[in-house]
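Chain and residue survey
This is what each chain is made of:
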Amino acid sequence: MSELESNIEKSLIDQLTLGVSQWTYRPDIKNTEQLWANFRTKLNQNNIGVLKGQEITDLEMEQIKAYMAEQGASTYKAALWLAGEHGIAQIPLVREDASLGTVSLMALNNREVAGGHSSYEVINQFSPSDADRDRRFDVSLLVNGIPLVHIELKNQDHPYMDAFRQIQKYCREGQFRGLFSFVQMFVVSNGTDTKYIASNINGEMGEKFLTSWVDEENKRVNGYLDFAKAALNVPMAHLMVGKYSVIDEANRRQILLRPYQIHAITKVREASRKNNSGHVWHTTGSGKTLTSYTVTKNLLDIPSIDKTIFLIDRKDLDKQTSDDFRSYAYNDDIDIDKTENTRDLERKLLSNTRVAIVTTIQKLQNIIRKYSIDSLDASALKKKNNLRNKRIAFVVDECHRTVSPQTKKELDDFFGEPGRPSLWFGFTGTPIFAENKREALGNLARTTEELYGPVLHKYTIKEAIHDGAVLGFQIQSMGKGKESLQEIALQNNLETQDKLADMSETDLEKLVLRRCEASNQDLYNNPTHREKVVDYILNRSSGKFNINAGAGNTFEAMLSCSSIKEAQAYYKLFKEFKNRGKIKEVILSKLPDFPKVAITYTVGENEDGAQVNQKEMAEALKDYKEMFPKAPADISELNAYNADLNKRLARKESRYRRREEQLDLVIVVDRLLTGFDAPCLSTIFLDRPPMKPQHLIQAFSRTNRIFNATKRYGQVVTLQYPLEYSKKIDEALLLYSNGGASEVSAPAWKTVKHDLKKAAQELKALTISSEDIDEASPESFEKIKLFVRAFQKVDRLLSSAQVYDEFEDEEERNSLGITVQKLQSMAGLYQNAREKIKKEGGDDPNPLMLDLDYELEAVKSFEVNYNYLMNLIQTFVPNEKSTEKTEIDPKADARVKKFIELYKRSNPAIGEIIENFWDDLKQEPNNFAGKDVLVIMYSRVREIQDVALQMFSEEWAVPIEELNAVRDSWNGGEVPELNGNYDEYSGRHDESKLRYKHNLRKAAKKLFVNTLAPLQQF
């Protein structure tokens, strides 16, 4: 560890231990034995009464270690145990003295934060005694002797990502074991940049989840000491892992709340204690469901509140939100009920159980109507009074539209009383302000603040984009606006061709708009326009769908129309394009089944065209059934269809990572434009006139969820009135971002083109050869690093350029200074240069902030990515709770085998191990239930290496400990000299000592280069 890094570490510990009731520094805890001994002391101290004066014996301690190993088998299990029953994590112990029986030891009490039995200690430079290599953890925070927070530090010459990659490496190696398997939160810093992330020591933990701290005003807290003051003090660090974390049962992972969520929860709690209502303005996509869940749960801590009702707007979103709530509450201390029908809701409201209920506004209105008639019998009147006497807190999702002013008045009149009103907490990403207030209706509220009360906490689009909580937007119109308007004007005989040619784009659009208003006609609602739109989406938007990423990794899109009739026309046209072979071959060669299209809209009973709509939807359901045989197929199953569609679009369950279970495009009218979360949805195509500001932002926000490194923006494509849309979008973004379009939008094509041309020139100026890489001198080594950095920059910019319409134009592509093909031809040189830096870079005192784990994006080779292959196989591993035998069908088997064969071309050694594992999984899937494929593969590779090393040790009389040490430190360069035991070897071979040393060197090189090296390339 460098001197500068040690100074950072010391300053951090000084900050953590500053003041009363903060962390206690324990320099005496440096290894596994000392850590367990300290934990034993805590257990003895905190359980004096339970232990009856008989301290834990050595045999009992072994029992405790075994129990803790079981609970810490995965991060998910560790989080479950730490959450405990009623917030207390306990250890069952059978006493060695049988007369003392079995007891439960309190290990951690999350209700005793900064008090009670809780103790807070900080350790540093911890070295796991049972590690198979020399590893040292920088700084760790212990609560009751259990490491719950781990901090990895780098000096300011290195990016904070180096600290994160170090943690990822330790996780892959399985270094976080024993008590360290209970770490719930990782913090990484280089002094000036500091982030935190929820622990996942045996699964995915991508950099997209790294979070910065912000204060209540959403100002970034970057410095490591300021971060420690804000987020690692006592009690906040304990609250972070004990109160501001949620276990997501559906995805079997722990979630740490972001700071703005924590601030909002605190503000709501403060307001409720004062009997005040209010609203929370958190931009769409920033995790309002998770925040509102925690608020809903916390409100029941107030004794005066009988029920908490979480209100949502639509029946078809009831299941999605309820499922999220139930997943969060599955292991929680609260019962989140999902109301199946109005009668069920009424029963839950009348019960004396204090419970949180998720329901729709429509069901609540049904109950009010039922009890609002004058002729109620005695029994009904009693129930009505019982209902009215309930003290209810309402938490409202999408509050700008879920509850109208009139409806809220009805609810207040029914449930509230003068001096004893119900509490209301509204959540919205798009509040209604004076600028876009509702139409006047008597004295009813017209803005969100008038309806719910003051804003309690605010987190806008601009702040969320700045923090990396959501993506910015890339907004464009289809094609070239002037040409498109000229075509419409000509089609409708609005003016002669000569006069149209001389008109500006602004005048053209005014002409078209005047004609629409005068004739009450939608000039875009015609087959010619729809044909252009479908061709544009299917043949000119491959970058938006990320088709180059290959099957299973593409994005999806949404097309929103003005009416159900238009949506139906589009659905038929997409089918026609596909059936008549009107999709470009270059697209189908990468994704042969593109596009997979579905349609969804509300099918009414009594509206005009209801019968036609039902018939059309029935046909669409049949198509859907053909794509997905296990999906609902009948119009009577429409709710089930919508639920299936939602899950398939969201892709949050592992089975939807497979191409055969995915959709490419969904056609909607209004459904799914609010409250729907699908991170893999990258683009919305809007074929409808501009909407109100709040509706525009809501629609845009379907696209800007964080997904992966390739998805950099939410794509918005307007298909009508380009100038009018541009004006309305600027107004909406100004209203909801506190800064306007420039603050939240992607750069214009002109800027991207300029940056790419400049980067391409820089790359071309750094000409290097294979010889330069193989025979690198100190001077040329710096040039190699510059080449790698320049290549990555071009690849990243070229990848970003591919989502712009201009990139589809061959002339524009050729003017960028470099082509994908040219970059592809340099990729081999780049890979060699990167490997050279990895092997020989060492601790460079002047690092160039290189990302040596960067995965190429624009340059795609036909190699199968190891992680993709592991994720694919993971989808066939049964859940650990599964009891039925899982069968892998021949089609799936053939697909996985194909990918394994492709992978074996680049890495035969690892490919063969994957192939053997796949055969084992097919034979007995349930043997691997709940297991992590990445962990299994690491273990199998390690086993094969161990066998090879053991055989070598026995043949050449080299201590196995020495071989293990060399294996763990070898970076692919020269193999170090081995210290073989010649006396032992000569007892079995008639060979001189000089010859023995020569042959040992040759054999060692062969072992490491030919056998071990291929087994380390994954």
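Residues numbered from 1 in each chain as written. Predicted model: local features only at pLDDT ≥ 70, side-chain atom pairs only at ≥ 80, totals over all residues. Heavy atoms only, no water.

1. Remarks on the pairing of strand β16 (residues 355-360)
Counting buried residues in β16 gives 6 out of 6 residues, a clear majority hidden from the surface. Residue alternation in β16 divides its side chains into two sets, Val 355, Ile 357 and Thr 359 and Ala 356, Val 358 and Thr 360, and both sets are buried. Pairing of strand β14 (residues 307-312) with β16, which is carried by 6 bridges, proceeds in the parallel orientation. Bridge pairing in β16 places Ile 309 opposite Ile 357. (Buried < 20%, exposed > 50% of the residue type's maximum accessible area, 1.4 Å probe, protein only. Helix = DSSP H or I, 4+ residues; strand = E, 2+ residues; numbered from the N terminus. Pairing = 2+ DSSP bridges.)

2. Some remarks on the sheet that holds strand β21 (residues 556-561)
The sheet built from 6 strands is open, its strands ordered β20-β25-β24-β21-β23-β22 with parallel pairing. Each edge of the open sheet carries a strand with a single partner, namely β20 (472-477) and β22 (597-599). The sheet shows a mean angle of 20° between the axes of neighbouring strands, direction not considered. By the bridge criterion, 4 bridges tie β21 to strand β23 (residues 665-668) in an arrangement that is parallel. When the sheet's bridge partners are listed, Ser 560 is paired in β23 with Val 668. (Axes fitted to C-alpha atoms, helices over the stretch in contact; angles between N-to-C directions.)

3. Notes on helix α35 (residues 820-840)
The terminal C-alpha atoms of α35 lie 29 Å apart, and with 21 residues this matches the ideal 30 Å at 1.5 Å per residue to within 8%. Taking the largest bend as the criterion, α35 deviates by roughly 40°, centred on Met 826. Inspection of α35 places Leu 823, Met 826, Ala 827, Tyr 830, Ala 833, Arg 834, Lys 836 and Ile 837 among the buried residues, and these make up the whole buried set. If you check the start of α35, you find a side-chain oxygen 3.0 Å away from the backbone N of Lys 822, and it comes from Thr 819. (Expected span 1.5 Å × (residues − 1). Bend = angle between axes of the 7 residues up to and from the residue. Polar contact = N/O pair within 3.5 Å; in protein donor to acceptor, adjacent residues only side chain to side chain.)

4. What about the pattern of salt bridges?
Within the structure shown, the criterion is met by 49 salt bridges. In this structure, Lys 793 and Glu 762 form a salt bridge, with 3.9 Å as the shortest nitrogen-oxygen distance. Pair noted here: Lys 793 is in helix α33 (residues 778-801) and Glu 762 is in helix α31 (residues 749-765), with a separation of 31 residues, a long-range link. Take Lys 793: its relative accessible area is 38%, and that puts it in the partly exposed class. Here the salt bridges share partners, and the residues they tie into one network are Asp 644, Lys 647, Arg 648, Glu 653, Arg 655 and Glu 661. (Salt bridge = Lys/Arg side-chain N within 4 Å of Asp/Glu carboxyl O.)

5. Section: the packing of helix α4 (residues 58-71) against helix α5 (residues 75-83)
α5 packs onto α4 with a crossing angle of 115° between their chain directions and a minimal axis gap of 7 Å. Note on element contacts: α5 touches α4 through Lys 77, Ala 78 and Trp 81, opposite Tyr 67, Met 68, Glu 70 and Gln 71. (Contact = heavy atoms within 4.5 Å.)

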